[in-house]
Amino acid sequence: MTVRDIQEILHATVISGEEHTDREVHTACGSDMMSDVLAFVKDQSVLLTGLVNPQVVRTADMMDMVCIVFVRGKQPDEAIVRLAESRDIVLMNTNLRMFTACGLLYDRGLRGGNDGNE
Amino acid sequence: MAMSDEIRLRFEISGDDFTRAGEASSSVKKELKKLGIDPQAVRKVAIAMYEGEINMVIHANGGAIDVVIHPDCIDMILKDNGPGIENVALAMQEGYSTAPDNVRSLGFGAGMGLPNMKKYTDEMQIETERGVGTTVTMKVHI
């Protein structure tokens, strides 16, 4: 699955990083708690979150994540967008809620990574 | 090992601006990448230091972080003059947090900071004294 596929599945709008949407995504993580995201390293991952602050981008950066999806139509401010651009992380938002967004991606084959529970 | 083999970095962490928390860890990550250090090790250092940096801002009104890059390992020394940790054993438990509610609304304070720091490092020591401060020392092998 690519970042572009995620955008289509979630009917999401790309906010920034359009040039990186051909990147492969292997796993996903949905959380508003950044320490929970930091607890499990995954490769080539996408982060779905309802939290909007610069720490979302920093967390994704530390984890080498390729894309952040803001759920429930949340809109990041200019500082967050600039930070994501400097880290080559794609930002998008969708009007879907967290559960639905995660469910749609799971249904299309995306998994949570190597945590032994699936 | 000769002293010249080391690279030392020092960061002063401001305690009053949560939005800037993580800038030091981000700089270290970039520097380690530039040095061509194994990406897995880079990620471990970045995550552990980031959690520590966040803790400093949330709990201790900032502090200082020293990073020493050796040929075979990376040391991180995080020192603050905050309130100290009352019960280290409890603080090391996943899910235990003393962070105020407003911190949770920022995405932290889930009680995973110290456990994550231990998880991603090969060695970790905590020295803490109530009312004096806390020093966390972490090592990641390359």
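Residues numbered from 1 in each chain as written. Chains lettered and ligands numbered in written order. Predicted model: local features only at pLDDT ≥ 70, side-chain atom pairs only at ≥ 80, totals over all residues. Heavy atoms only, no water.

*Asks:* Account for the overall build of chain B, with residues named and values stated.
*Replies:* Looking only at helices and strands, chain B features five helices and five strands. For chain B, the sequential pattern of α-helices and β-strands runs β-α-α-β-β-α-α-α-β-β. Relative to its length of 142 residues, chain B is compact, with a C-alpha radius of gyration of 15 Å against a globular reference of 14 Å. Overall, the C-alpha framework of chain B stretches about 45 × 25 × 25 Å when taken along its three principal axes. In chain B, which comprises 142 residues, the proportion classed as buried is 50%. The contacts of chain B with a sequence gap of at least 6 include a subset with a gap of at least 24, amounting to 63%. On chain B, roughly 6,900 Å² of surface is accessible, and the fraction owed to carbon and sulfur atoms is 49%. (Helix = DSSP H or I, 4+ residues; strand = E, 2+ residues; numbered from the N terminus. Rg over C-alpha atoms; globule rule 2.2 N^0.38 Å. Buried < 20%, exposed > 50% of the residue type's maximum accessible area, 1.4 Å probe, protein only. Contact = heavy atoms within 4.5 Å. Areas by Shrake-Rupley, 256 points an atom, 1.4 Å probe, with all protein chains shown as cover.)

*Asks:* Can you break down the interface of chain B and chain A residue by residue, with the values?
*Replies:* Counting residues at the interface gives 29 residues for chain B and 22 residues for chain A. When chain B packs against chain A, the two sides together hide about 2,000 Å² of surface, and 52% of this comes from carbon and sulfur. Of all residues in chain B, B:K29, B:R43 and B:Y50 give up the largest surface area on contact with chain A, accounting jointly for 28% of the area buried on that side. Note that B:R43 is salt-bridged to A:D64, the shortest N-O span being 3.5 Å. The tally of links from chain B across to chain A stands at 19 residue pairs in polar contact (both at pLDDT 80 or more). Those elements that place two or more of their residues in the side of chain B that touches chain A are α1 (23–34), α2 (39–59) and α5 (113–120) of chain B. For the side of chain B that touches chain A, the residue count by class is eleven nonpolar, nine polar and nine charged. (Buried area = accessible area lost by both parts, 1.4 Å probe. Salt bridge = Lys/Arg side-chain N within 4 Å of Asp/Glu carboxyl O. Polar contact = N/O pair within 3.5 Å; in protein donor to acceptor, adjacent residues only side chain to side chain. Nonpolar A, V, L, I, M, F, W, Y, C, P; charged D, E, K, R; others polar.)

*Asks:* For the nonpolar core, give the residues involved together with the corresponding values.
*Replies:* Nonpolar side chains in soluble globular proteins tend to be buried together. Counting 58 residues, the largest nonpolar core has A:I68, B:V67, B:M76 and B:F108 as its most contacted members. The greatest single-element share of this core, amounting to twelve residues, is contributed by α2(B). For B:F108, the contacting residues outside a window of four places in its chain are A:M33, A:M34, A:S35, A:L38, A:Q55, A:T59, B:F18, B:Y50, B:E51, B:I54, B:I58 and B:V103. A:I6, A:V25, A:V46 and A:L110 belong to the second largest nonpolar core, which has 20 residues in total. (Core = buried A, V, L, I, M, F, W, Y, C linked by side-chain atoms within 4.5 Å.)

*Asks:* How would you explain α5(B) if you had to name every residue and give the values?
*Replies:* With six of its eight residues buried, α5(B) lies for the most part within the structure. For α5(B), the set of buried residues is B:G113, B:L114, B:P115, B:N116, B:M117 and B:Y120.

*Asks:* Summarise the packing of aromatic side chains; cite the residues concerned and give the values.
*Replies:* The geometry of an aromatic ring pair is captured by the separation of the ring centres together with the interplanar angle, meaning the angle of the planes. Applying the stated criterion across every chain, the model contains two aromatic pairs over all chains. Ring geometry for B:Y50 versus B:F108: centroids 6.0 Å apart, planes at 85 degrees, classification edge-to-face. Residue B:Y50 is located in helix α2, and its partner B:F108 is located in the loop between α4 (101–104) and α5; the two are separated by 58 residues in the primary sequence. For the pair B:Y50 and B:F108, one class covers both residues: buried. An aromatic cluster is built from B:F18, B:Y50 and B:F108, whose rings are joined through pairwise contacts. Stacked on the ring of A:Y106, the Lys or Arg A:R111 has its end atom at 3.7 Å from the ring centre. The cationic tip of B:K119 hangs over the ring face of A:F40; the distance from NZ or CZ to the ring centre is 4.3 Å. (Phe/Tyr/Trp six-rings, centres within 6.5 Å; stacked < 30°, edge-to-face > 60°. Lys NZ or Arg CZ within 6 Å of the ring centre and 35° of its normal.)

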